[in-house]
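Letter by letter, the chains look like this.
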Amino acid sequence: MRKRGYYLSLLVAILIVLFIGFSTSLKLFMSNLPDISELENYQSQTLSILVDSDGTTVDHFGSQNRIFTSIINVPELVKYAFISAEDKNFYNHNGYDILGLFKALFSALKGERLRGASTITQQVTKNFLLSGERSFERKIKEIILATRLEKMLNKNKILEIYLNEIFLGSNSYGVTTAAETYFAKKLSDLSPSEAAYLASLPKAPNEYHPLLNRKKAISRRNFVLKEMAENEFITAERARYEQDTPLLTVQSGDITPGIQSTLKRDYFSDEVRRRLSVLLGENYLFSKGLSVHTSLKIDFQNILRSVLQKQLTKFDTFDGIYRGPIKKINAGHNNPMQWRKIIDEISFESKIKTWRLAVVVNVNAERAIIKVKGIDEDKILFIKDHQWIVRKNEIRTGIRSVKQADQVWSIGDIIYVEGPATSTSVDLWQYRQLPKIQGGMMLAEVDSGRVLAVQGGFSFDVSTFNRATQAFRAPGSLLDPFVYASLLNAGFDFETPTQNKSTNDLRQEGGYLITKNNVDSMLFNDNEISIDTLGNQLLLKAGKDDLFDYFNRFDLVSELTSNRSRPLRLMENSLLSFFEAYLAFANNGLFRNISFIDKIIDSDGVDISGNVLKVCALCDQKTGSRKILTDKAQSRLTRILEIEMAKKLNVEVNKYFIKNKVYGTAGMSLDFDNYWFIGYRNNLAFGCYIGYDKLHSLNHEQRLSNYCVESAVEIFQKLAGTSIFD
């Protein structure tokens, strides 16, 4: 009896100790738990989208590929699919599932890895507040936090957080993005089988990949459909029908990718990204779900890209240098099927849409036989169609001209080729190479300053550096109109020399005359001023400092105004800066900052443009512009720009520009390392520069053509008849 009392007392003592230990552990857990209050004001990190002038999405910015969707806009079918797959008692428990916990505990007691039993509420707390480790301690924390979360938020809010935050593979966060990624559909258009597949992914997206693990993916999807039927979210008959439906996805190649999957960064959208990252901060831009409405016109952008690529390729072929294959592989394969396998297994792709990869499999003096990636039949490159190739390296002397195909290509060369646009004739295929010459182009509305298109190089996939907005170049004769404008605006007059009246014969009559000699003395002479010439008399009257001060009105900053000891034509700035300043000549002497962005709408639908987009300094807040050229000076300057076109262009181009009233300036930098053109027709302005990234002078033959002027003619012709010319 005494023994019984002893054991009973011992048992009670043990229970007390266990209770105290449990209470202490629980208090320790409770004291170390993270704060869940951040979930009360949950805001999803959501993609910001960029749309063009027609309202079409053309790009998005975000660290996570997610589009937030309010729970009221999530279809019941999608909700029930995820509830059936992850937590069928979601609407009935208080944050944790007792039955599920016992199953997990039983597995742990058997020595198996701790898994399962996490409700949707627990998954939310785990994803936001806890680490991903699998441990008993973390599971206890999950339960406590889930219980607290259920008291703080209602079920729909918890489900909203879950459905927007969950990672579903293929760089997709949240159900809306996943529906687009896998099925190219909106949530509201998903079928039961498609919703069930998405609901099968949270546990292990890669394990149920629709292409790499197709059988497991279908099996898991069908399990979710069965659960949906058992939970009476769909009928058993509909579940069986959906289980027999093939799993067709974008990843398996059965569905054409949706617009979100095909978006590609380009020079325009990347410039918008850079500007907004400065104005808003990159984190804000990448996470707040903004809708950025831009002035971009996609058809104009495509034309600009095509024209610049055409001119750079033309320059490159005129240079006549073959720079060799992209890669060279073992030439010991005589089996055609082996060559086919080699070219089809090359992992990298062409950076240009119309170019393809090919391998040379046979070559003689007249032609090279190639196998083109993705095309079954062999194609031919004839040397007679590549007479532009005259050298095989960059050395310009001592290299005899290339006459034969086998002097250019060798078996095993991996090269770029381009096929005919319409015909399938084998003799029309052309060798292609990335040009070393680069450039930038811009199109904008004159009256508003809205940029319609910008191309910052041959291809954004090849180089993301935007030569239209980031590259600084010496302006050369491009600066002449700004000097003319400053003098005209200061009250000087203008006279044009004629064939019967040379510049040196000009005399002052009631004021200073602006002539070519006057301007040259200001642009080239950085020495002490002499009073021996009419030009230097003009400098004494106007003064070089006055010119710099006038340039400031155009926001021509950097070296152009900071280093006043250098000749003006050598002072560098970007095409964007010169283009922006030049628009004032076209817009009745009104200067305004050019713009890429029309408005910015936040995730609540509020227009925040006024807080972000500012007008230029000293500009009228309503019009966004300021007057920097008098009406008389503007009239005179227009005449100068017309004369500039007449002086510097060939006869045919000149006829086109005069007939269509194109005004502008064309020329080269002093060191002959850049082509320039900036001009306008009606309400459309075009700017261009072409030159090497690593500056060096163009050879004599290359200086005879201005590729920017040729581009201007082609662009104005292609856009004639559009509303921009009304």
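As shown above, the structure is provided for reference.
This section reports on the structure supplied with the text. (Residues numbered from 1 in each chain as written. Predicted model: local features only at pLDDT ≥ 70, side-chain atom pairs only at ≥ 80, totals over all residues. Heavy atoms only, no water.)

Now for the sheet that holds strand E3 (residues 291-294). In spatial order, the strands read E2-E1-E3-E17; together these four strands make up an open sheet with mixed pairing. Either end of the sheet is taken by a strand with one partner, and the two such strands are strand E2 (57-61) and strand E17 (597-601). The sheet shows a mean angle of 20° between the axes of neighbouring strands, taken without regard to direction. Of the strand pairs in this sheet, strand E1 (residues 48-51) and E3 are connected by three bridges, and their pairing is parallel. When the sheet's bridge partners are listed, isoleucine 49 is paired in E3 with serine 291. Each of E1, E2, E3 and E17 touches helix H12 (residues 267-280); the most contacted strand, E3, lies at about 125° to it. (Pairing = 2+ DSSP bridges. Helix = DSSP H or I, 4+ residues; strand = E, 2+ residues; numbered from the N terminus. Axes fitted to C-alpha atoms, helices over the stretch in contact; angles between N-to-C directions. Contact = heavy atoms within 4.5 Å.)

With that settled, consider the pairing of E2. Counting buried positions along E2 gives five out of five residues, so the element sits mostly inside the fold. Examined bridge by bridge, E1 and E2 share four bridges and lie antiparallel to one another. Bridge pairing in E2 links valine 51 to threonine 57. Once E1 ends, the chain turns through five residues before running back antiparallel as E2, passing glycine 55 with a positive phi of about 90°. (Buried < 20%, exposed > 50% of the residue type's maximum accessible area, 1.4 Å probe, protein only.)

Before going further, it helps to examine empty space enclosed by the protein. Any empty space left between atoms is shown by rolling a water-sized probe over those atoms. Counted by the stated rule, this structure contains two cavities of 30 Å³ or more. Of the pockets and cavities examined, the largest cavity occupies roughly 50 Å³. As for the largest cavity, its lining consists of Thr313, Asp316, Thr317, Trp388, Tyr431, Arg432 and Gln433. Those elements giving two or more residues to the lining of the largest cavity turn out to be helix H14 (298-319) and strand E9 (430-432). Of all the elements, H14 adds the most residues to the lining of the largest cavity, at three residues. Residue classes in the lining of the largest cavity are distributed as two nonpolar, three polar and two charged. One number sums up the size of the second largest cavity: a volume of about 40 Å³. Secondary structure elements with two or more residues in the lining of the second largest cavity: helix H4 (120-129) and helix H6 (155-165). The dominant element in the lining of the second largest cavity, judged by the number of residues it contributes, is H4, at four residues. (1 Å grid on protein atoms, 1.4 Å probe; cavity = no way out; pocket = protein on both sides within 12 Å on 5 of 7 lines; lining within 4 Å. Points joined across faces, edges and corners; volume = space filled by probe spheres on them. Nonpolar A, V, L, I, M, F, W, Y, C, P; charged D, E, K, R; others polar.)

This next bit is on H12. The end-to-end C-alpha distance of H12, which contains 14 residues, comes to 20 Å, matching closely the 20 Å that a straight helix rising 1.5 Å per residue would cover. When we look at burial in H12, the residues that qualify are Tyr267, Phe268, Ser269, Asp270, Glu271, Val272, Arg273, Leu276 and Ser277. Directly beyond the C-terminal end of H12, a positive phi value near 95° is found at glycine 281. (Expected span 1.5 Å × (residues − 1).)

The residue tyrosine 173 is located in the loop between H6 and helix H7 (175-183) in this model. The spatial distance from the C-alpha of tyrosine 173 to the C-alpha of glutamine 64 is 6.8 Å, given a sequence separation of 109 residues. Once you skip the residues sitting within four places of it in the chain, tyrosine 173 turns out to touch Gln64, Asn65, Arg66, Ile67, Asn164, Glu165, Ile166 and Phe167.

In this section: the pairing of E3. Alternating residues of E3 divide into Val292 and Thr294, all buried, and Ser291 and His293, none buried. Two elements, E3 and E17, share four bridges in a ladder whose sense is antiparallel. Residue pairing in the sheet places serine 291 in a bridge with isoleucine 601 of E17.

Take the side chain of serine 277 next. Mapping serine 277 onto the fold places it in helix H12. Judged by its relative accessible area of 16%, serine 277 falls in the buried class.

Here the structure, examined in full by the defined rule, presents 30 aromatic pairs. Plain terms: the ring middles of tryptophan 388 and tyrosine 431 are 6.4 Å apart, the flat faces sit at 15° to each other, and that makes the pair stacked. Taken together, the residues span a long stretch of sequence, with tryptophan 388 in the loop between strand E7 (379-382) and strand E8 (413-418) and tyrosine 431 in strand E9 at a distance of 43 residues. In terms of burial, tryptophan 388 and tyrosine 431 fall into one category: buried. Considering the side-chain rings of tyrosine 663 and tyrosine 680, the 5.6 Å spacing of their centres and the 40° angle between planes classify their relative orientation as tilted. Here the residue tyrosine 663 occupies a position in strand E19 (residues 662-668), and tyrosine 680 occupies one in strand E20 (residues 674-681), the gap between them amounting to 17 residues. In this structure, tyrosine 663 and tyrosine 680 share a single accessibility class: buried. Grouping aromatic residues by their ring pairs yields a cluster made of Phe482, Phe578, Tyr582, Phe585, Trp676 and Tyr689. (Phe/Tyr/Trp six-rings, centres within 6.5 Å; stacked < 30°, edge-to-face > 60°.)

We now examine unusual backbone geometry. Notably, serine 170 is not glycine yet its phi reads approximately 50°, a positive angle. Even without being a glycine, asparagine 682 presents a positive backbone phi close to 50°. With respect to the helices and strands, asparagine 682 occurs in the loop between E20 and strand E21 (684-692). The exposure class of asparagine 682 is partly exposed, given its relative accessible area of 44%.

Estimates place the volume of the second largest pocket at around 1,000 Å³. Looking at the lining of the second largest pocket element by element, the count peaks at eight residues for H14. Residues that form the lining of the second largest pocket fall into these classes: ten nonpolar, 13 polar and 14 charged.

With that settled, consider the side chain of threonine 294. By secondary structure assignment, the location of threonine 294 is in strand E3. The exposure class assigned to threonine 294 is buried, which follows from its relative accessible area of 1%. Within the structure, threonine 294 has its side chain in polar contact with the backbone nitrogen of leucine 296 (distance 3.3 Å). In this structure, threonine 294 is in contact with Leu50, Val51, Asp52, Ser53, Phe268, Val272, Arg450, Phe596, Ile597 and Asp598, ignoring residues within four places of it in sequence. (Polar contact = N/O pair within 3.5 Å; in protein donor to acceptor, adjacent residues only side chain to side chain.)

One pass over the structure, following the stated rule, counts one disulfide. Disulfide pairing places cysteine 688 opposite cysteine 708 at an S-S distance of 2.1 Å. Residues cysteine 688 and cysteine 708 are joined through a disulfide that is left-handed, its torsion about the S-S bond being -70°. In this pair, cysteine 688 sits in strand E21 while cysteine 708 sits in helix H26 (residues 707-719), placing the two residues 20 residues apart along the sequence. (Disulfide = S-S within 2.5 Å.)

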